[in-house]
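# Observations on chain architecture
So you can see what is in the structure, the chains are spelled out below.
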Amino acid sequence: MMSEHLDTSLPLEYQSEQSRLNIFGFWIFLGAEIALFATLFATYFVLSGSTAGGPDQLELFKIKDVMTETILLLVSSFTCGLAIFSMRNNNKKGLLLWFIITLLLGAGFIYFELHEFVDYVHDGATLQTSGFLSGFFVLLGTHGLHVSMGILWGILLIIQLVKRGLTPVTSRKFFIISLYWHFLDVVWIFIFTFVYLGGLIQ
């Protein structure tokens, strides 16, 4: 069986036809993810005024805690970019270092988000309290679940990189997960801007 032709004039992750097709397919997948989150945002905004006597945004949101989550996730997007930069310079150690830091920042984000949710529940704000809180928890919970899945996915890729080295296949997988990670950061920017800040200035 003949090996697949590699176009070495392209970045490592684009050198094989299979890799180019996989990356294109992942862009299509992200299109479906955009539709999912657009639906969740729309649902939240429809329900955001339905507090049913429970706490509203002004009573609930603590901007200091949310800023911590935001900084962690935005910095993780930067370190993810450094990981891909290292990969394109054939720097396996740099890729590993920056990607591990990315996942640790993502784990920190999840920790603070769970802490935020626990505080809300202690304040009597649960999924069943009101339409506003149902929309809020489903939107943020879906995003948090995606970040958690990204962390697990990233751990598996690190194991592959250690075992197989930096190849067109492993580089393609890291590039794809970087697209996923940046997408989640963009979603969070919308959450921070329109859900948190929008809720505090309404």
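The model shown is predicted, which means the values in this text are computed figures rather than measured ones.

Before going further, it helps to spend a moment on the overall build of the chain. A count of helical and extended segments in the chain gives 6 helices and 0 strands. Secondary structure of the chain in N-to-C order comes out as α-α-α-α-α-α. Dimensions of the chain along its principal axes, counting C-alpha atoms only, are 70 × 30 × 25 Å. By the burial criterion, 46% of the 202 residues in the chain qualify as buried. Taking the intrachain contacts of the chain between residues at least 6 apart in sequence as the baseline, contacts between residues at least 24 apart amount to 78%. Of the roughly 10,400 Å² of accessible surface on the chain, a fraction of 71% belongs to carbon and sulfur atoms. One finds the centroid of the 10 positive side-chain charges in the chain at a distance of 17 Å from the centroid of its 14 negative side-chain charges.

Two numbers describe a pair of aromatic rings. These are the distance of the centres and the angle of the planes. All told, the structure shown has 22 aromatic pairs when counted by the stated rule. Pairing Y111 with F112 gives two aromatic rings, centres 5.3 Å apart and planes at 80°, and the pair type is edge-to-face. F112 gets classed as partly exposed once you look at its relative accessible area, which sits at 36%. Taking the centre distance of 6.4 Å and the plane angle of 70° together, the rings of F117 and F136 count as edge-to-face. One end of the pair, F117, is in helix 4 (residues 92-122); the other, F136, is in helix 5 (residues 131-164), and 19 residues separate them in sequence. Each of the two residues, F117 as well as F136, counts as buried. Members of the aromatic cluster, joined through ring pairs, are F41, Y44, F45, F61, F109, F117, Y120, F132, F136, F137, W188 and Y196.

With phi around 50°, A52 is a residue other than glycine that occupies positive phi space. The topology assignment puts A52 in the loop between helix 1 (17-47) and helix 2 (57-60). A relative accessible area of 68% means that A52 is categorised as exposed. One non-glycine residue, N90, lies in positive phi territory at about 60°. With respect to the helices, strands and loops of the structure, N90 is situated in the loop between helix 3 (63-88) and helix 4.

Let us look at the packing of helix 1 against helix 6 (residues 168-201). For any two helices packed against each other, the geometry comes down to the angle between their axes and how far apart the axes lie. Taken N-terminus to C-terminus, the directions of helix 1 and helix 6 make an angle of 15°; their axes are 11 Å apart at the nearest point. With respect to their mutual orientation, helix 1 and helix 6 come out roughly parallel. Read as a crossing pair, helix 1 and helix 6 show a hand that is right-handed. Partitioned by chemical class, the residues of the contact of helix 1 with helix 6 number 20 nonpolar, 3 polar and 2 charged.

Let us now look at helix 4. In a regular helix each residue adds 1.5 Å, so 31 residues correspond to 45 Å; helix 4 covers 45 Å between its end C-alpha atoms and thus fits that length. Two residues or fewer past helix 4, G124 is found with a positive phi of approximately 85°.

Turning our eyes to something else, we now look at the side chain of S76. Here S76 shows up in helix 3. A distance of 2.6 Å separates a polar atom in the side chain of S76 from the backbone oxygen of L73. Here the side chain of S76 touches W181 through a polar contact of 2.8 Å, side chain to side chain.

Another point: the packing of helix 4 against helix 6. Where helix 4 meets helix 6, the closest approach of the two axes is 13 Å, and the angle between their N-to-C directions is 30°. In this structure, helix 4 meets helix 6 at a crossing whose hand is left-handed. For the pair formed by helix 4 and helix 6, the contact residues are L95, F99, T102, L103, G106, F109, E113, E116 and Y120 on the first element and F174, I177, W181, W188 and Y196 on the second.

Thresholds applied
- Residues numbered from 1 in each chain as written.
- Predicted model: local features only at pLDDT ≥ 70, side-chain atom pairs only at ≥ 80, totals over all residues.
- Heavy atoms only, no water.
- Helix = DSSP H or I, 4+ residues; strand = E, 2+ residues; numbered from the N terminus.
- Buried < 20%, exposed > 50% of the residue type's maximum accessible area, 1.4 Å probe, protein only.
- Contact = heavy atoms within 4.5 Å.
- Areas by Shrake-Rupley, 256 points an atom, 1.4 Å probe, with all protein chains shown as cover.
- Lys, Arg positive; Asp, Glu negative; His and termini not counted.
- Charge placed at Lys NZ, Arg CZ, Asp CG, Glu CD.
- Phe/Tyr/Trp six-rings, centres within 6.5 Å; stacked < 30°, edge-to-face > 60°.
- Axes fitted to C-alpha atoms, helices over the stretch in contact; angles between N-to-C directions.
- Parallel < 35°, antiparallel > 145°, perpendicular 65-115°, else oblique.
- Left-handed = near helix turned anticlockwise from the far one by under 90°.
- Nonpolar A, V, L, I, M, F, W, Y, C, P; charged D, E, K, R; others polar.
- Expected span 1.5 Å × (residues − 1).
- Polar contact = N/O pair within 3.5 Å; in protein donor to acceptor, adjacent residues only side chain to side chain.

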